[in-house]
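Each chain is listed here by its residues.
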Amino acid sequence: MIEVSGLRKSYRSRKGRKFTIVEAVRGVDFAVQRSEIFGFLGPNGAGKTTTLRMLATLLRPDGGDATIAGVDLLGNPARVRQRIGFVAQSGGTYDQSTARRDLVHQARMYGVAKSAAKGLAEEAIKAFQLGEFADRRIGTYSGGQRRRLDVALGVIHSPQVLFLDEPTVGLDPPSRARMWTEVRKLRDQGMTIFLSTHYLDEADALCDRISIIDAGLIVAEGTPSDLKREFSGDVIIVDLAAPDTAGAPEPTVMLEGSKILTEQPYVQSCETIDTTLRLYVDSAATAIPQVMRALSSKGIEPGAIESRRPSLDDVFLAKTGRTLAD
Amino acid sequence: MKLARDTWLTFQYEAGQLVHSPVSIAISLLQPVTYLLLFTPFLKSVMGSSSYGGAYAIYVPSLFAAMGIFSGLFAGFAMIAAIRRGVIGRLRVTPLSRVGLLLGWELMFVALVAFQAVVIAVVAVIFGLRVPLINLLLALVLLSLMVIIGVSISYVLTIFVPNQTVLANLTNGVTEPIALLAGVLIPLSVAPLWVRRVALWNPFAWGANGMRAVFQGHVGAPVVWQATIILAAIAAIAVLVSSRLINREIA
């Protein structure tokens, strides 16, 4: 449904008097299948929004090709616009307007006659449960209500492809769960959904497939479970900050701890993140006592140790050397 | 016709937002009404006008010109707000005609300034202005063309000067000389020759002079048709160039 190859975009940015070229997207390739939720996972500034804006015809790519719903993006952006919906992170409504007025206007922009547009707006109000507040000023809506309106606006013309830029940023957990349900419902109706997120759990729970993007390049692609499968064992997190003082441990202690644990035969790899060491091991149950012993033999007392299953953050860490966790 | 439909649709939507915030429209009328009531007496004595009606016939077109110049050239700030809100992005991913979108916005400002001008005219009539309706309508045509030129310039500046502080300073810096050289305080007829020569290059000065001739009953004066042609031509070019520049990012 979406095929992208070599898509690039750079900006000229000015620092004082010097112009520098910022390469926001440095050539990305991916393909999104019909009726799947495809996620772009990456930290802020990775190039997610720039990619989305290029695919939504809002930004001209510097290079590369894209086909969306069978239409060439650069060759016929007007036709692409008829087949896609786009929901920006900032939303797209005036405070003084109302949901109903915006929905009717949105439908009319797709060439729908006034009476039919009113019908579509009514349907959207029902489908996204906006009835309670549809005729109130948008400025009075909660974050979740506003977001549901944004999505309702984005799909009023039943697009084949829907782009969602960080659909759940700033939402409370119930609104977030509700948004996920809405997105899944759209997918089940046959819509292809491309979304960007910097939330690990969102990528994991909502997306059928994801691409991990960092510094304008895709570093990994697959289903969340496939990506995590690269890590066969468990993850152990050793916090070296003393529990009573909560102060940061001495850098020498961090270094020494990392050195000892890396040397242990049962540790596959060891990464240092702030005051913690992240160990990849076959089995946390047997490794934890050994970790304790190895550390205390050198006089290092860890403040806390916990174990968990590998997450997408471990994938991200392995590919980029950095962590994505907030 | 798609362009006409999309222009109308955009105009309706944007004007609808204005209608639903009547307080801001009322506030926007405060300054021109204040000038009308407090500045005209000064002008009456400076220009040696025999009656208030005469002074209003001189000052009301100046005030129209000032409203057109300032509303038009500061239009970009409303666009920045709409961009921040994401409204522009939402409209631009629809198949809406790009030129229709721009024209709809321009017309919204035209309607707003025309409404303000009518209010000013009504107040001035109450205080002694006498002007035939047809002359007033002709002045509104000139004023509308001035607004279109101003909005187009402002949009282009907004696109190319993303820094809002710089944009504000730049807009102020451009607007003040344009306004003074259009004779918005004292008519250009009393300006020294060199000022009048410079003002020949200011389309807004043509607009102000044309409107002033109309208000003084000289509909047939050459400056009226000259101003109409000059403003119409520049407005057409401004709309074409600005829509081209604004939409350059993607076809």
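Thresholds, definitions, all that
Residues numbered from 1 in each chain as written. Chains lettered and ligands numbered in written order. Predicted model: local features only at pLDDT ≥ 70, side-chain atom pairs only at ≥ 80, totals over all residues. Helix = DSSP H or I, 4+ residues; strand = E, 2+ residues; numbered from the N terminus. Rg over C-alpha atoms; globule rule 2.2 N^0.38 Å. Buried ≥ 20, exposed ≤ 12 C-beta atoms within 10 Å, placed from the backbone. Contact = placed C-beta atoms within 7 Å. Pairing = 2+ DSSP bridges. Core = buried A, V, L, I, M, F, W, Y, C linked by C-beta atoms within 7 Å. Axes fitted to C-alpha atoms, helices over the stretch in contact; angles between N-to-C directions. Nonpolar A, V, L, I, M, F, W, Y, C, P; charged D, E, K, R; others polar. Parallel < 35°, antiparallel > 145°, perpendicular 65-115°, else oblique. Left-handed = near helix turned anticlockwise from the far one by under 90°. pLDDT = per-residue confidence, 0-100.

Novice: I keep staring at the overall build of chain B and nothing clicks. Help me out?
Specialist: Helix and strand counts for chain B come out as 11 helices and 0 strands. In sequence order, chain B lays out its α and β elements as α-α-α-α-α-α-α-α-α-α-α. The C-alpha radius of gyration computed for chain B amounts to 18 Å, which stays within 12% of the reference 18 Å derived for 251 residues, consistent with globular compactness. Across its three principal directions, the C-alpha atoms of chain B cover 60 × 40 × 40 Å. Taken over 251 residues, chain B has a buried fraction of 43%. Look at the contacts in chain B between residues 6 or more apart in sequence, and 80% of them connect residues 24 or more apart.

Novice: So what exactly am I meant to see when it comes to the overall build of chain A here?
Specialist: Per the secondary structure count, chain A includes 11 helices and 14 strands. Considering only C-alpha atoms, chain A reaches an extent of 80 × 45 × 45 Å along its principal axes. Sorting the 326 residues of chain A into buried and exposed places 42% on the buried side. Look at the contacts in chain A between residues 6 or more apart in sequence, and 69% of them connect residues 24 or more apart.

Novice: Whenever I open this one, the pairing of strand β4 (residues 63–68) of chain A confuses me. Can you help?
Specialist: A regular strand places its side chains on the two faces of the sheet in alternate fashion. Residue and element names in this part refer to chain A. Both β4 and strand β5 (residues 71–72) contribute to a ladder of 2 bridges, which runs antiparallel. For Thr 67, the partnering residue across the bridge sits in β5 and is Asp 72. The loop that links β4 with its antiparallel partner β5 comprises 2 residues; one of these, Ala 69, has a positive phi angle of about 50°.

Novice: Would you explain the nonpolar core in this entry?
Specialist: When a protein is soluble and globular, its nonpolar side chains tend to lie buried together. Ranked by internal contacts, the top residues of the largest apolar core, which has 73 residues, are Val60(B), Ala65(B), Ile69(B), Leu143(B), Met146(B) and Ala182(B). Among the secondary structure elements, those contributing two or more residues to this core are α1 (2–19), α3 (52–73), α5 (87–92), α6 (98–126), α7 (133–160), α8 (164–180), α10 (203–215) and α11 (222–246) of chain B. Dropping the residues within four chain positions of it, Ile69(B) is found in contact with Met146(B), Gly150(B), Thr175(B), Ile178(B), Ala179(B), Ala182(B) and Phe204(B). The next biggest cluster of nonpolar side chains, apart from the first, holds 72 residues, and it includes Leu153(A), Ile156(A), Leu195(A) and Leu324(A).

Novice: I'm lost on unusual backbone geometry in this one. Help?
Specialist: Trans is the prevailing form of peptide bonds, just as negative phi is the prevailing case for residues other than glycine. Residues and elements named next belong to chain A. Even without glycine at this site, Thr 57 takes up a positive phi of about 70°. Located in the positive-phi region is Gln 129, a residue other than glycine, with phi close to 50°. Residue position: Gln 129 is located in the loop between α4 (114–127) and α5 (143–154).

Novice: Hey, could you run me through the sheet that holds strand β11 (residues 234–239) of chain A in this one?
Specialist: Neighbouring strands of a sheet are bound in pairs by backbone hydrogen bonds; such pairs are parallel or else antiparallel. Residue and element names in this part refer to chain A. Spatial ordering of the open sheet is given by β12-β13-β11-β14, a layout of 4 strands whose pairing is antiparallel. With one partner strand each, in any of the chains shown, β12 (267–273) and β14 (304–308) form the two edges of the open sheet. Strand-to-strand twist of the sheet, defined as the mean angle between neighbouring strand axes without regard to direction, takes the value 20°. Where β11 and strand β13 (residues 276–281) come together, 6 bridges link them in antiparallel fashion.

Novice: Can you walk me through the interface of chain A and chain B in this structure?
Specialist: Think of interface size as the accessible area that goes away when the parts come together; that is how it is often given. The partner chain B presents 21 residues to the 25 residues of chain A that form the contact. Where the side of chain A that touches chain B is concerned, the elements lending two or more residues are α2 (77–83), β6 (84–87) and α3 (99–109) of chain A. Considering only residue class, the side of chain A that touches chain B consists of 12 nonpolar, 9 polar and 4 charged.

Novice: Would you take a moment to explain the sheet that holds strand β10 (residues 217–222) of chain A for this structure?
Specialist: All names here are of chain A. One open sheet holds the 6 strands; their spatial order is β6-β7-β8-β3-β9-β10, and the pairing between them is mixed. Single-partner strands in this sheet number two, and they are β6 and β10. Going from strand to strand, the sheet's axes swing by 15° on average, the running direction of each strand aside. Looking at chain direction, strand β7 (residues 161–165) and strand β8 (residues 192–197) are connected through 5 bridges and run parallel.

Novice: Any chance you could explain the packing of helix α4 (residues 75–85) of chain B against α7(B) here in plain terms?
Specialist: Pairs of packed helices are described in terms of their axes, by the angle between the two and the distance that separates them. All names here are of chain B. The N-to-C vectors of α4 and α7 enclose an angle of 50°; their axes lie 8 Å apart at closest approach. With respect to their mutual orientation, α4 and α7 come out oblique. At the point where α4 passes α7, the crossing takes the right-handed sense. Together, Ala 75, Gly 76, Met 79 and Ile 80 of α4 and Gly 150, Val 151, Ser 154, Tyr 155, Leu 157 and Thr 158 of α7 make up the contact between the two elements. Counted by class, the contact of α4 with α7 contains 6 nonpolar, 4 polar and no charged residues.

Novice: Where do I start with the confidence of the model for chain B in this structure?
Specialist: Of the residues in chain B, 99% reach a pLDDT of 70 or more, and the chain-wide mean stands at 91. Two summary scores accompany this predicted model of the complex, namely pTM at 0.85 and ipTM at 0.86.

Novice: Just checking my understanding: could you explain the packing of helix α9 (residues 251–263) of chain A against helix α10 (residues 284–297) of chain A for this structure?
Specialist: Residues and elements named next belong to chain A. Packing of α9 against α10 leaves a shortest axis separation of 10 Å and a crossing angle of 130°. Viewed along their axes, α9 and α10 adopt a mutual orientation that is oblique. Handedness of the crossing formed by α9 with α10: right-handed. The segment α9 lies against α10, with Gly 257, Ile 260 and Leu 261 engaging Val 291, Ala 294 and Leu 295.

Novice: Help me out: how do you make sense of α3(A) in this one?
Specialist: The α-helix winds at 3.6 residues per turn, so residues separated by three or four positions along the chain end up facing the same way. All names here are of chain A. Burial of α3 is extensive: 11 of the 11 residues sit out of reach of the surface. Those residues of α3 that sit buried are Ala 99, Arg 100, Arg 101, Asp 102, Leu 103, Val 104, His 105, Gln 106, Ala 107, Arg 108 and Met 109. Residue Gly 111 follows α3 closely and has a positive phi angle near 90°.

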